[in-house]
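# Breakdown of the fold
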Amino acid sequence: MINENIAGGNWKELKGRIRSAWGKLTDDELETAKGDINAIAGMIQKKYGEKQEDVRKKLNGWFSGKSA
């Protein structure tokens, strides 16, 4: 499991993947979350109805290089 706060260049890459998968999220929303997995999962749950735990697993997989 990754650190809850993503830092550095990995955030830019992950942010692109998030926007690709969940296009209703705005860049402003993602920047406000500052890589906080819990905050991002909450936004996705509100806009898409997905379970936060499922979203966190997917994000963790992306960050660790797995295709979750």
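Since the structure is predicted, the reported quantities are computational estimates derived from the model, not experimental observations. (Residues numbered from 1 in each chain as written. Predicted model: local features only at pLDDT ≥ 70, side-chain atom pairs only at ≥ 80, totals over all residues. Heavy atoms only, no water.)

Overall, the prediction assigns the protein a mean pLDDT of 83, with 81% of residues at 70 or greater. Mean pLDDT values for the elements of the protein range from 85 in helix α1 (residues 9-21) up to 93 in helix α3 (residues 37-48). (pLDDT = per-residue confidence, 0-100. Helix = DSSP H or I, 4+ residues; strand = E, 2+ residues; numbered from the N terminus.)

Another point: the packing of α3 against helix α4 (residues 52-64). Interhelical geometry of α3 versus α4 gives an angle of 125° and a closest axis separation of 9 Å. Here α3 is positioned oblique relative to α4, judged by the angle of their axes. Where α3 crosses over α4, the two elements pack in a sense that is right-handed. Of the residues in α4, those in contact with I37, N38, I40, A41, G42, I44 and Q45 of α3 are Q52, V55, R56 and L59. (Axes fitted to C-alpha atoms, helices over the stretch in contact; angles between N-to-C directions. Parallel < 35°, antiparallel > 145°, perpendicular 65-115°, else oblique. Left-handed = near helix turned anticlockwise from the far one by under 90°. Contact = heavy atoms within 4.5 Å.)

Attention now goes to the pattern of salt bridges. Tallying each qualifying case throughout the model produces 4 salt bridges. The shortest N-O distance in the salt bridge between E31 and K15 comes to 2.5 Å. Note that E31 is positioned in helix α2 (residues 27-33) and K15 in helix α1, a separation of 16 residues in sequence. Since its relative accessible area comes to 32%, E31 is described here as partly exposed. Between E53 and R56 there is a salt bridge, with its nearest N and O atoms 3.2 Å apart. One end of the pair is E53 and the other is R56, both in helix α4 and 3 residues apart, which spans about a single turn. According to the relative accessible area criterion, E53 is partly exposed, its value standing at 36%. (Salt bridge = Lys/Arg side-chain N within 4 Å of Asp/Glu carboxyl O. Buried < 20%, exposed > 50% of the residue type's maximum accessible area, 1.4 Å probe, protein only.)

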